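Structural overview
These are the residues of each chain, in order.
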Amino acid sequence: MDKAAGMSIRKMWNYCIFQSSRYRGMKYIIVLGALSAASVSYINSFLYAGILDLLLTKQYSAAKEQILILVVTVMLVSLTARACELMFRHYTEPSALETKKKTAQKTFLMEYEELEKEAVIRAFQRVRRGINGHGGITQQLMDMYHFFTGMIQAVFAAFFLGVLLVQSDFSKENKLLFAVGTAFLLLAFAAFFQLGNLAADRIGKLDLEKNRANEAGNSEGNYLFGVSCSDRYIKNIWMYSMKEYLVGKYQKMTARIFAKYINAERMIGVYNGMVMFALEILTGFIYVYISCKALAGSISVGQVVMYAGAIVTMINAIRNMMELKIRINYSNEYLKTYEEFLTRPNMHYDGTLPIEKRDDGDYELEFSHVSFRYPGTEKDVLSDVSLRFKVREKLAVVGRNGAGKTTLIKLLLRLYEPTSGTITLNGIDIGKYDYQEYVQIFAAVFQDFRIYHLPLDENLAGSENVDAERVKTVLEQVGLRERVARMKDGAHTLLGHDIGDGELLSGGEEQKLAIARALYKDAPFVILDEPTAALDPIAEAEIYENFDALVGKKTAIYISHRMSSCKFCDRIIVLDSGRFAEAGTHETLMRQEGIYYALYEAQAKHYAE
Ligand SMILES: Nc1ncnc2c1ncn2[C@@H]1O[C@H](COP(=O)(O)OP(=O)(O)OP(=O)(O)O)[C@@H](O)[C@H]1O
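As recorded by an unreviewed UniProt entry, the chain carries the name ABC transporter ATP-binding protein/permease and is attributed to Gallintestinimicrobium propionicum. Under the UniProt heading Subcellular location (unreviewed entry), the entry covering the chain gives this text: "Cell membrane".

Another point: unusual backbone geometry. The backbone phi angle of Arg 392 is positive, close to 65°, even though this residue is not glycine. Positive phi is not limited to glycine here, since Asp 522 has a value of about 55°. Mapping Asp 522 onto the fold places it in the loop between α16 (507-521) and β7 (525-529). On the basis of neighbour counts, which here come to 13 C-beta atoms within 10 Å, the residue Asp 522 falls in the partly exposed class.

Strand residues, when the strand is regular, have side chains that alternate between the two faces of the sheet. Along strand β6 (residues 442-445), one buried face is formed by Phe 442 and Ala 444 and the opposite face, lined by Ala 443 and Val 445, is buried too. Looking at chain direction, β6 and β7 are connected through four bridges and run parallel. The residue bridging Val 445 from the neighbouring strand is Leu 528, located in β7.

As a further point, take the sheet that holds strand β1 (residues 365-372). Here four strands make up an open sheet; going across it, the order is β2-β1-β4-β5 and the pairing antiparallel. The strands lining the two open edges of the sheet, one partner per strand, are β2 (382-389) and β5 (428-429). Of the pairings in the sheet, the one linking β1 to strand β4 (residues 420-425) comprises five bridges and is antiparallel in character. Note that in β4 the partner of Ser 368 across the bridge is Thr 422. Strand contacts of helix α11 (residues 405-412): β1, β2 and β4, with the helix running at about 120° to β1, the strand carrying the most contacts.

Rules behind the numbers
Residues numbered from 1 in each chain as written. Predicted model: local features only at pLDDT ≥ 70, side-chain atom pairs only at ≥ 80, totals over all residues. UniProt positions renumbered as here; feature names shortened; annotations may be inferred. Helix = DSSP H or I, 4+ residues; strand = E, 2+ residues; numbered from the N terminus. Buried ≥ 20, exposed ≤ 12 C-beta atoms within 10 Å, placed from the backbone. Pairing = 2+ DSSP bridges. Contact = placed C-beta atoms within 7 Å. Axes fitted to C-alpha atoms, helices over the stretch in contact; angles between N-to-C directions.

Next comes the structure, spelled out in structure tokens:
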């Protein structure tokens, strides 16, 4: 086997076998299973040869004994092989689950900015494909198991052929002939392995090319397929008659990939054919060699049968190993990404300080000369922003699209680090706090909030431990109590269709639920980024009217394009192209007739008209 294949197998071993400490004993199962599976046919050939020789020399009672030994040995070894394979198969499923679990856990440890990068999104897709694709981890592990068996079978075959070569009981006349024949056989073996190596190398490279082409196609293909089959897109596709467009795109993509793919496949076929042809020639030569040895009386009839059996086993083992090696290399391409993914840096700016627990919610946050630009971009999204969040204040942040409002929140929640300047909590840089503790003081309703297709109450609690009373209170506060009471399992009703026949909520109901989730958390800071965009005017008015009651004594940061809804806030700040432009109450800002005034008037005039 070439070096690359050896590496691949070793990596596969590392990725899959030793992932879970609970399964460390599995390596002994693999070795025992592979040894017994590989040896069974040789044991059969070996003992059968002896029996044949005994029968030919009419030693019937010895032959009977040998037959008994053959039956018992083959049965025991076969049973061992089967038991080991079953035990290994039993292990593959938990190993696949372990891989998924580690991948999911890793995403929780990485920096948020990493998760938004195209390269990471791509890596994540490849990891998912590696875990699920090509028969999944389960099949990949079985391939590896059978590859080990093949390797041991090949080693046994080499041993048998070695014995065949050194068995010599020749007369003087044919000694030279057999010496030449043996040398030729050894040369033929060396040439075959050279050719096999070369072909395996080429096939490996072609396979890689094929995988890359496949991968690019898979990303596009999966996306187009996902869009075409998703209930979230189908309305738009029908409405804008996009069926032909999407199918056409899919066809073009498959034609492009297929052209690359088929070329590589053709060449792989040529190399495989060459190796198989060489193998057939070599096999034929070994048969001739065995026959000559038999004719020269150097080996018995039984041994002819034994060697012939060994050759058949060897040919099958080599064929299987070649096929498995190609499949393993294919899987490894993805598993390599999995390893790279797991070794990606974790959040590097996590501090260790605990957050002081305060019943009075007296936490003070301050931005001092904060500037920020997204990684890999040229322009600051926030420039020199200084801002203090006063305790229990209701603060509105307004500004045009792209002004940097959401980015401000992302920095506050430590999803990104400021490029310059500092953000402090009670005078200490927020980066110094333990992240898990830090996020406990915030409850946020994001602009792109997500409701999980899980039970409603667990959506609110973020856990299976639900406080039923608190669920009731927050549902009442956001006006969802009656709607939930009508659901078949009340607050514990499953939502959505992704994992079962759950209840479907309207966009506005989902948004109310997202607000309820923030209230359930009962954190000292509430952040609401466009929290009422999907609500009907009455529901929206109710939320605003109850805002004080909803938010209570908490500090609230509120982002909205509905200018009238900012009126109830204690202070409004205006961001303009990432800069802190204006600050004040609704009345003072209106008097200034600046950006806020312009935004407000632009919206209000349609109502006035
Ligand atoms: N992950 C990102 N990478 C690069 N640029 C980004 C990223 N996220 C946002 N931006 C850019 O940063 C700018 C500010 O975006 P942000 O979402 O903070 O604006 P916003 O004021 O909340 O806008 P809107 O009112 O439309 O929600 C935009 O120009 C946006 O394109």
